[in-house]
Each structure stands twice: as C-alpha cells, then as structure tokens.
Amino acid sequence: QWDVLLGLLAAATHDLDHPGVNQPFLIKTKHYLATLYKNTSVLENHHWRSAVGILRETGLFSHLGTTQRQEMERQLGSLILATDISRQNEYLSQFREHLDNEDLSLENSAHRHLVLQMALKCADVCNPCRTWELSKQWSEKITEEFFHQGDIERKHKLAISPLCDRDRENIASIQIGFITFLVEPLFVEWARFADTRLSQTMLCHLGLNKASWKGVLQGQLDSGSETDTVVEEPDSQCLPQESHKV
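Per-chain numbering applies: the sequence of each chain, read as written, is numbered from 1 onward. Residue-level local features of this predicted model are given only where pLDDT is at least 70; pairs of side-chain atoms are given and counted only at 80 or more, and the full residue set underlies all totals for whole chains, interfaces and linings. To obtain the side-chain values, all non-hydrogen atoms of the structure were included, while hydrogens and water were left out.

Remarks on the state of the cysteines
In what follows, a disulfide is any cysteine sulfur pair within 2.5 Å. Counted by the stated rule, this structure contains zero disulfides. Cysteine 129 provides the cysteine sulfur closest to cysteine 122, a residue in no disulfide bond, and the two sulfurs are 7.8 Å apart. We call a residue buried when its accessible area falls under 20% of the maximum for its residue type, exposed when it is over 50%, and partly exposed in between, using a 1.4 Å probe and counting protein chains only. We classify cysteine 122 as buried; its relative accessible area is 5%.

Here's what the structure looks like:
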C-alpha cells in the first residue's frame with residue numbers, strides 16, 4: 001500500500017507547476033529556480049518541492065509520525081527526480097542489469113522502488129505509445145510549446161535551444177528522434193520486466209507511430225517542404241519530454 005501511494009503521488013505531481021520551458025532555458029536566463037537548485041535537475045527538484053509544500057500545507061499526512069512523513073517525502077523525491085531525462089542511461093542501465101541477471105525481486109524494497117521509478121519514467125514519456133490520432137495531437141501541442149520557447153529566445157537574442165526553432169525544426173523529425181533514442185529503449189526493457197498484453201500493445205502503437213512519423217517526414221521531403229533530413233541523437237537535456245508531455 002505504501003508503494004502504491006507513493007506511485008500515485010509521484011504520478012500526480014511529477015510535473016507540478018511546470019513553467020513551460022526547459023532546464024537549459026532556466027539556466028541561461030539565470031532564473032531563480034536554476035540558482036536555487038544549482039543547475040541540477042532544476043525542474044524535477046521544483047516539482048518535488050512544490051509537491052512537498054502542498055502536502056505539508058494541506059496536512060494530508062499529519063497523522064504520520066515525523067520520521068515516517070520525512071521518509072515518504074524523500075522517496076517521493078527519489079521517484080520524481082528519476083524523470084530527469086539527463087539521467088536516463090543511469091536508470092535504464094541499472095534496470096537492464098537486473099533483468100539480465102534475473103535477480104529483480106519484488107520482495108526487496110530497493111528493487112520495488114526501482115520498478116516504481118521505471119514505471120514513472122515510462123508513464124512520463126508514454127505519449128508515442130498511444131493511438132496515432134491521440135498521440136499526434138499531444139505531439140503537436142508540445143512541439144508548439146518548444147517553438148514558443150524558441151520564439152522567446154529569438155526575441156531576447158538568446159541562442160535558440162535545440163528542437164525549439166520553428167524555422168529549422170519539424171515535428172516529424174523531433175518525434176522520430178524522441179522515439180528512437182528515448183522511448184523505445186525504455187519500453188523494450190519494461191516489456192521484458194512486464195510481458196503483458198498492455199506492454200505489447202504499447203510497443204505496437206510505438207512502432208506504428210514511428211512509422212507514421214517517418215511517412216509524414218517522407219511526404220514533406222517529397223513535396224519539398226522540408227530540407228533537414230537528418231535525425232540526430234539529441235542532447236539529453238533537450239529531449240522533448242522535459243516540457244510536459246510529448
């Protein structure tokens with residue numbers, strides 16, 4: 001029950017009070033959040049601390065002892081901080097190693113916590129695992145958020161962040177890179193852990209959506225509307241998912 005509660009709380013608060021821009025933007029504009037959290041997991045730390053503030057203000061867990069309440073807050077932070085994309089390889093490698101060694105035990109509290117971290121990470125980037133119609137709508141919304149950040153950077157004569165230049169980027173290539181370098185590796189390992197019908201359905205949608213975006217990109221190339229054909233591995237701090245949902 002404790003793990004379920006933590007998982008639900010983390011899922012509900014992992015993007016709490018998101019400012020709609022990414023960490024590099026906050027750092028280069030010397031935003032107070034970047035200063036407060038020393039340029040490290042800035043957004044994730046803010047989401048966590050915002051969640052703790054609400055929990056304390058509402059007294060939701062005032063019936064718990066101080067030690068238990070502090071442990072709950074610590075573990076909540078551990079889950080939310082795991083959604084930092086710059087630490088993707090760290091968590092994925094650890095999870096993969098346990099799967100390779102077949103030593104992951106749900107009787108072990110540390111292992112259960114790792115599974116919760118991986119589940120939250122999957123949920124955080126799961127948009128490409130939805131049906132094409134729904135996934136495409138959310139992808140368009142988040143891409144517009146990226147471009148809005150780029151517009152602000154251009155207006156203030158700042159270097160435009162990767163994926164944020166509406167004059168050079170396109171949604172199809174952004175999504176293909178996002179799926180290839182971030183989402184697929186994560187969900188392939190999750191399906192090894194939980195080989196369920198749901199996992200297979202998500203992988204199926206993921207493959208279909210990637211193919212659909214490739215079709216969109218090819219159509220743009222054929223019509224001459226796009227000239228940038230290279231899908232490069234993006235910087236971990238600039239991957240789409242850090243701004244809300246892709």
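A look at the nonpolar core
The set of buried Ala, Val, Leu, Ile, Met, Phe, Trp, Tyr and Cys residues whose side-chain atoms join them within 4.5 Å is what this entry labels a nonpolar core. Counting residues in hydrophobic clusters, the biggest one holds 28 residues, and the most contacted among them are Phe95, Met118, Val125, Val183, Phe187 and Trp190. Per-element tally for this core: the top contributor is helix H9 (residues 171-193), with 10 residues. Contacts are assigned to residue pairs that have any heavy atoms within 4.5 Å of one another. Phenylalanine 95 has contacts with Leu104, Leu114, Val115, Met118, Glu189, Trp190 and Phe193, leaving out every residue within four places of it along the chain. Ala10, Ala51, Leu76 and Leu120 belong to the second largest nonpolar core, which has 16 residues in total. A run of DSSP states H or I qualifies as a helix once it reaches four residues; a run of E qualifies as a strand once it reaches two. Both are numbered from the N-terminal end.

Here we look at unusual backbone geometry
Unusually for a residue other than glycine, lysine 38 sits at a positive phi of about 55°. For lysine 38, a relative accessible area of 70% puts it in the exposed group. A positive phi is found at glutamate 102, a non-glycine position, where the angle reads about 55°. Along the polypeptide, glutamate 102 turns up in the loop between helix H6 (88-101) and helix H7 (109-124).

Things to note about the packing of aromatic side chains
Side-chain rings of Phe, Tyr and Trp, where Trp is taken by its six-membered ring, are said to pair if the distance between their centres is within 6.5 Å; with planes under 30 degrees apart they count as stacked, over 60 as edge-to-face, and otherwise as tilted. Applying the stated rule across the entire model yields four aromatic pairs. Note on tryptophan 190 and phenylalanine 193: the rings are 5.2 Å apart at their centroids and 55° apart in plane angle, and the pair reads as tilted. With tryptophan 190 and phenylalanine 193 both in helix H9, this residue pair falls three residues apart, about one helical turn. With a relative accessible area of 14%, tryptophan 190 lands in the buried category. Its relative accessible area of 27% is what places phenylalanine 193 among the partly exposed residues. Each residue in the set Phe95, Trp190 and Phe193 is aromatic and connected to the rest through ring pairs, giving one cluster. Positioned over the ring face of tryptophan 48 is arginine 49, at 3.9 Å from the centre of the ring. Distance and angle both matter: a charge sits over a ring if NZ of Lys or CZ of Arg is within 6 Å of the ring centre and within 35 degrees of the ring normal.

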